[in-house]
Amino acid sequence: MSAKLERLCENLRGVLGDRIVSLVTALEQVTLVVAPADYAAVAKTLRDHADLRFEQLIDLCGVDYAAYARSEPDLAAPNRFAAVSHLLSLGHNWRLRLRCHAADNDFPVLDSVTPVWNSANWFEREAFDLYGIMFAGHNDLRRILSDYGFVGHPFRKDFPQSGYVEMRYDAEQKRVVYQPVSIEPREVTPRIIREENYGEPGRA
């Protein structure tokens, strides 16, 4: 680990103390994991504390860890949904990944960080739309990519590939209508068929 990342980790431990659930450095990237109860307060501390000063949120995304094996040590918790943010400190020239798992897998809720970083606004709407993660305190939490009447959250790992409903324009009703999916789920695997002696010298 570089001296710069070591100093960042030391500052994080010194400032956040026991609010750190996990602090891991891998591939020259520091990942900080915090509990849902501390998420909003830690975000504000990361922005305002002089030893940290993460003034900029570059992006935020939802993640569905589902049931696949957790190879990273900081993913040992059984919580399925998480919000992952990438932060930048312009003053210190540091980058940080902040991860927080929602406590309830059936109804995932996290505090909104839009009061801390306004740029989180549309990112949190996207995480709500695609993963169903609710952000308490967000002042305009609604779908951003899917239609408002869309059923489900398409990036969840248990969402069917063909979806739940399909839409079409009904000429009699003169409007778009939703109906159950009419195509059978199937998996299409491309086949490659080559002639014998394909690739040998002298063959076109």
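Quantities reported herein were computed from a predicted structural model and do not represent experimental measurements.

## Remarks on the packing of aromatic side chains
Next up, step 1: Taken as a whole, this structure holds two aromatic pairs when the rule is applied.
Next up, step 2: When the centroid spacing of 5.8 Å and the interplanar angle of 80° are considered together, the rings of Y131 and F155 count as edge-to-face. Residue Y131 is found in helix α3 (residues 120-131), and its partner F155 is found in the loop between β7 (134-136) and β8 (165-170); the two are separated by 24 residues along the sequence.
Next up, step 3: Judged by its relative accessible area of 45%, F155 is partly exposed.

## Thoughts on the environment of H92
Next up, step 1: Structurally, the position occupied by H92 is in the loop between β4 (81-89) and β5 (94-101).
Next up, step 2: Relative accessible area serves as the criterion here: at 25%, H92 is assigned to the partly exposed category.
Next up, step 3: As a C-alpha pair, H92 and D51 span 41 residues in sequence and 8.5 Å in three-dimensional space.
Next up, step 4: Apart from residues lying up to four places away in sequence, H92 is in contact with A50, D51, L52 and R53.

## Examining the pattern of salt bridges
Next up, step 1: The full count for this structure, using the stated rule, is seven salt bridges.
Next up, step 2: Notably, a salt bridge pairs R142 with D140, separated by 2.8 Å at the nearest N-O pair.
Next up, step 3: Judged by relative accessible area, which is 34%, R142 ranks as partly exposed.
Next up, step 4: The residue D170 makes a salt bridge to R168 at a minimum N-O spacing of 3.5 Å.
Next up, step 5: Assessed through its relative accessible area of 10%, D170 is described here as buried.
Next up, step 6: On the basis of relative accessible area, R168 is assigned to the partly exposed category, the value being 39%.
Next up, step 7: Linked by salt bridges that have partners in common, K44, R47 and D48 make up one network.

## Digging into the pairing of β8
Next up, step 1: Note: β8 against strand β9 (residues 175-180), six bridges, orientation antiparallel. What sits directly across from Y169, in β9, is V176.
Next up, step 2: Connecting β8 to the next strand, β9, in antiparallel fashion are four residues, including K174 with a positive phi near 55°.

## Some thoughts on the nonpolar core
Next up, step 1: One finds L12, L32, Y39 and L46 to be the most contacted residues of the largest nonpolar core, which totals 37 residues.
Next up, step 2: Mapped by element, the contributors of at least two residues to this core are α1 (3-16), β1 (20-26), β2 (29-34), α2 (39-48), β3 (56-64), β4, β5 and α3.
Next up, step 3: No other element matches α1, which puts six residues into this core.
Next up, step 4: The contact partners of Y39, leaving out residues within four places of it in the chain, are V34, L60, A83, S85, L98, C100, L110, D111 and V113.

## Thoughts on the sheet that holds β4
Next up, step 1: Taking strand neighbours across the sheet as the criterion, the five strands line up as β1-β2-β5-β4-β3 in an open arrangement whose pairing is mixed. The open sheet has two free edges, formed respectively by β1 and β3, since each of these has just one partner strand. Sheet twist, expressed as the average angle between the axes of neighbouring strands with direction ignored, equals 20°.
Next up, step 2: Note: β3 against β4, eight bridges, orientation antiparallel. Within β4, the residue paired with L60 across the bridge is S85.
Next up, step 3: Contacting β1, β2 and β5, α1 crosses the sheet at an angle of about 180° to β1.
Next up, step 4: Across the sheet, α3 lies against β3 and β4, angled at about 5° from β3, the strand it touches most.

Scoring rules and cut-offs
Residues numbered from 1 in each chain as written. Predicted model: local features only at pLDDT ≥ 70, side-chain atom pairs only at ≥ 80, totals over all residues. Heavy atoms only, no water. Phe/Tyr/Trp six-rings, centres within 6.5 Å; stacked < 30°, edge-to-face > 60°. Helix = DSSP H or I, 4+ residues; strand = E, 2+ residues; numbered from the N terminus. Buried < 20%, exposed > 50% of the residue type's maximum accessible area, 1.4 Å probe, protein only. Contact = heavy atoms within 4.5 Å. Salt bridge = Lys/Arg side-chain N within 4 Å of Asp/Glu carboxyl O. Pairing = 2+ DSSP bridges. Core = buried A, V, L, I, M, F, W, Y, C linked by side-chain atoms within 4.5 Å. Axes fitted to C-alpha atoms, helices over the stretch in contact; angles between N-to-C directions.

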